Amino acid sequence: MSIGLSEQEILRRKAMQDLRELGINPYPAEAFPVNAHAKEITDNFKEGSDAYQNVIVAGRIMRRNIMGSASFAEIQDSTGRIQVYLNRDELCPGEDKTLYNTVFKKLLDLGDFIGVKGYVFITKMGEISIHVKELTILSKSLKPLPVVKRDEDGTVHDAFTDPEQRYRQRYVDLTVNPEYKQIFINRSKVIRTMQSFFDGQGWMEVETPILQGVHGGAAARPFKTHHNTLDMPLFLRIANELYLKRLIVAGFDGVYEFGKMFRNEGMDRTHNPEFTSVEIYVAYKDYIWMMKMVEDCLEKVAMAVHGTSTVKFGEHQINFAGPYEKLSMHDSILKYTGIDVSAMDEAALRDTCKSMGIEVDATMGKGKLVDEIFGAKVEANLIQPTYITDYPIEMTPLAKKHRTKEGLVERFELFVMGKEIANAYTELNDPIDQRERFEDQLLLAGRGDEEAMVMDEDFLRALEYGMPPTSGLGIGIDRLVMLMTNQTTIQEVLFFPQMRAEKKAKVVTVDDFVNIGVPAEWVPVLNKMGFNTVEELKAANPNKVYNDMGGMRKKLKLDIAMPTKDEVMTWFA
């Protein structure tokens, strides 16, 4: 017996061993030639049809109704569930009925993977089913799945709903809550639609380094690592912008990349330290052109996922068909606070923040202070797609100075439901100006700003060779998928979101029990009875413990000596 295993886990391991003793490999290596899937069959089979008369289907056992010489079960594959019917004498036409009487009825469990061959028919109850002629065990499940019950009305009972469990054990979540798979199917549609749209314009998908010697392209704190062979520090990228711009220098008219970014920052409902974004750069364009491109692209994404440009999110109907509202950052603050920050210096901005109850610190320059006001007072009001344009130059070291407005840059961010979804510039291609911007960032870093950008000499060298007028865009894929699937937390749209380290259960020591007189072979039994510490055992009723031990010995068919009642009583002394 193994300490820490539940009764069901012990029984499943015993069943696995019994299968081996019958000559059945519970984990066969051979390929299983599936030729049909549950949804395909249930969607297309009609009464009297001669189709699907030789189907091969595989999946998990999710329900069983064992009767005498005939039984029903339900198996779940990647597309859904389908009922199967097993008749003992047809499954085992000879004298040996072991496959039905022993293997199917006694040694298989819910969660096991099986393969069946047979023909499709409709039962007297009107349910499309597979009449099984052959049964193959494909994988024995050693842990029981959570039991999620659905009544005749479709109401779910005892669901696997705890978010932490669902995110940690996504393999269980998507098995017992298959409806969540649609989120990830739609995520794939979002990405494929955008790729198709970009490819249709003649832009090329590329790949750039994830490990970078200089972290740049965004204001964020990086993850740092070390390369042993080169004996040098490296950073997980916070953005791929500077490498994609190098490719515009190299002569490509348009390049884009879907990829993982990594930022060593806080986690909340819309932030994960590892996230997916797409960045795209197109030569000879500006941020005004990019607004129209974004509207066209996102309308196509909404159509691909929902068949309409209007998407339901909570109580709102979000219309992704353009044109979107446009507000400058200064105008948006004026609109929602009544305060004009456009002419304020750093001291005035700091005082304004304090008067609004916005927490600030000495590391924040003008750009950060304006951004704090915007985040606190404006963002939540931006429900429908809205472009916030023309940011202070201090906030955006990589964007071109505004062509007509002093102190601003040509930049927009797209906000939907109060969250930034996209960020775009008319890209800065003046190498002298770019160097000065980097130097300004170094000054902010000197004041303690951990998100300030660093000097990238190779990128500056690339710009000195000449980069044509260019517009660039970044879109957060995870947040976009949240909008398209009506999800309020980023963890719901990530297969495996970052989680805190899982708390481990207290280690059970046999010696602690042995020291009070418990025979070592009985310690696992006491654990099964719920006594994981000596303190828990001593708090119990001695007579009940003794009686329950006898019951467990019989139930588990244990071949170990039963202590006398007087011996058990000494454990509680």
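Scroll up for the structure.
Residues numbered from 1 in each chain as written. Predicted model: local features only at pLDDT ≥ 70, side-chain atom pairs only at ≥ 80, totals over all residues. Heavy atoms only, no water.

Focus: the overall build of the protein chain
Within the protein chain, the secondary structure is distributed over 20 helices and 20 strands. The principal-axis extents of the C-alpha atoms in the protein chain amount to approximately 90 × 75 × 55 Å. Burial statistics for the protein chain: of 573 residues in total, 47% are counted as buried. For the protein chain, restricting intrachain contacts to residue pairs at least 6 apart in sequence, the fraction spanning at least 24 positions comes to 63%. (Helix = DSSP H or I, 4+ residues; strand = E, 2+ residues; numbered from the N terminus. Buried < 20%, exposed > 50% of the residue type's maximum accessible area, 1.4 Å probe, protein only. Contact = heavy atoms within 4.5 Å.)

Focus on the pairing of strand β15 (residues 316–319)
Pairing of strand β14 (residues 310–313) with β15 involves 4 bridges; the strand directions are antiparallel. Its bridge partner being in β15, Phe-313 is matched across the sheet by His-316. Counting the residues between successive antiparallel strands, the hairpin from β14 to β15 contains 2 residues, one of them, Gly-314, with a positive phi of roughly 60 degrees. (Pairing = 2+ DSSP bridges.)

Digging into the sheet that holds strand β20 (residues 470–476)
An order of β8-β12-β13-β20-β19-β18-β17-β16 is seen for the 8 strands of this open sheet, with the pairing classed as mixed. The sheet terminates laterally at β8 (204–205) and β16 (325–328), the two strands that pair on one side only. Inspection of the sheet shows β16 paired to strand β17 (residues 386–392) by 4 bridges, in the parallel sense. Residue pairing across strands places Glu-325 opposite Thr-386, the latter belonging to β17. Contacting β13 (274–283), β16, β17, β18 (408–416), β19 (419–426) and β20, helix α9 (residues 287–306) crosses the sheet at an angle of about 15 degrees to β18. (Axes fitted to C-alpha atoms, helices over the stretch in contact; angles between N-to-C directions.)

A few points about the pattern of salt bridges
One pass over the full model with this rule turns up 34 salt bridges. The residue Lys-245 makes a salt bridge to Glu-241 at a minimum N-O spacing of 2.8 Å. Note that Lys-245 and Glu-241 are positioned in helix α8 (residues 241–249) at a spacing of 4 residues, about one turn of the helix. Both residues of the pair, Lys-245 and Glu-241, count as buried. (Salt bridge = Lys/Arg side-chain N within 4 Å of Asp/Glu carboxyl O.)

Looking at empty space enclosed by the protein
Counting across every chain of the model gives 1 cavity of 30 Å³ or more. By volume, the largest cavity amounts to about 30 Å³. Residue lining of the largest cavity: Gln-212, Val-214, Gly-216, Gly-217, Ala-239, Asn-240, Glu-241, Leu-242, Tyr-243, Arg-246 and Asp-456, and that is the complete set. Considering each element in turn, the lining of the largest cavity owes the most residues, 4 residues, to α8. Split by residue class, the lining of the largest cavity holds 4 nonpolar, 4 polar and 3 charged. (1 Å grid on protein atoms, 1.4 Å probe; cavity = no way out; pocket = protein on both sides within 12 Å on 5 of 7 lines; lining within 4 Å. Points joined across faces, edges and corners; volume = space filled by probe spheres on them. Nonpolar A, V, L, I, M, F, W, Y, C, P; charged D, E, K, R; others polar.)

Things to note about the packing of aromatic side chains
Going through the model one piece at a time under the given rule, you end up with 14 aromatic pairs. Here the aromatic rings of Tyr-387 and Phe-412 are separated by 4.7 Å at their centres, their planes lie at 65 degrees, and the arrangement is edge-to-face. Residue Tyr-387 is located in strand β17, and its partner Phe-412 is located in strand β18; the two are separated by 25 residues in the primary sequence. Of the two residues, Tyr-387 and Phe-412, neither departs from the other in class, the shared state being buried. Above the plane of the ring of Tyr-180 lies Arg-166, whose end atom (NZ or CZ) is 4.0 Å from the centre. (Phe/Tyr/Trp six-rings, centres within 6.5 Å; stacked < 30°, edge-to-face > 60°. Lys NZ or Arg CZ within 6 Å of the ring centre and 35° of its normal.)

Quick word on helix α11 (residues 346–355)
By the burial criterion, the buried members of α11 are Leu-349, Arg-350, Thr-352 and Cys-353. Viewed end-on, α11 has its buried residues packed into an arc of 160 degrees, placing them on one side of the element. Turned more than 90 degrees away from the buried face of α11 sit Asp-351, Lys-354 and Ser-355, all of them exposed. Against α12 (366–377) lie the buried residues of α11. For α11, the N-terminal cap is Asp-345; the gap from its side-chain oxygen to the backbone nitrogen of Ala-347 is 3.3 Å. Just downstream of α11 lies Gly-357, where phi reads positive at about 75 degrees. (Arc of directions from axis to C-beta. Polar contact = N/O pair within 3.5 Å; in protein donor to acceptor, adjacent residues only side chain to side chain.)

Digging into helix α4 (residues 98–107)
Those residues of α4 that sit buried are Tyr-100, Val-103, Phe-104 and Leu-107. The arc that holds the buried residues of α4, viewed along the axis, is 150 degrees, so those residues lie on one side. The inward-facing, buried residues of α4 abut α1 (7–21), β1 (55–66), β2 (70–77), β3 (80–87), α3 (88–91) and β5 (128–139).

Some details on the packing of α8 against helix α14 (residues 457–464)
Between α8 and α14, whose axes approach to 9 Å, the crossing angle comes to 25 degrees. Put simply, α8 runs roughly parallel to α14. Note that α8 runs across α14; the crossing there is left-handed. Residues Leu-242, Lys-245, Arg-246 and Val-249 of α8 form the contact with α14, whose participating residues are Asp-458, Phe-459 and Ala-462. Looking at the contact of α8 with α14 residue by residue, the class counts come to 4 nonpolar, no polar and 3 charged. (Parallel < 35°, antiparallel > 145°, perpendicular 65-115°, else oblique. Left-handed = near helix turned anticlockwise from the far one by under 90°.)

Remarks on the sheet that holds strand β4 (residues 113–122)
Strand order in this closed barrel of 5 strands is β1-β2-β3-β5-β4, and the pairing throughout is mixed. Taking each pair of neighbouring strands and ignoring which way they run, the sheet shows an average axis angle of 55 degrees. Here 6 bridges tie β1 to β4, and the two strands are oriented antiparallel to one another. Residue pairing in the sheet places Ile-56 in a bridge with Lys-117 of β4.

Section: the environment of Pro-93
Tracing the backbone shows Pro-93 in the loop between α3 and α4. Residues Pro-93 and Val-523, spaced 430 residues apart in sequence, show a C-alpha to C-alpha distance of 47 Å.

Concerning unusual backbone geometry
In this structure, the amide linkage connecting Gly-322 to the following residue, Pro-323, adopts the cis form with an omega of 0 degrees. By secondary structure assignment, the location of Pro-323 is in the loop between β15 and β16. In this structure, Met-417 is a non-glycine residue whose phi angle is positive, near 50 degrees. Examined against the element boundaries, Met-417 turns out to sit in the loop between β18 and β19.

In short, geometric facts, not functional conclusions.
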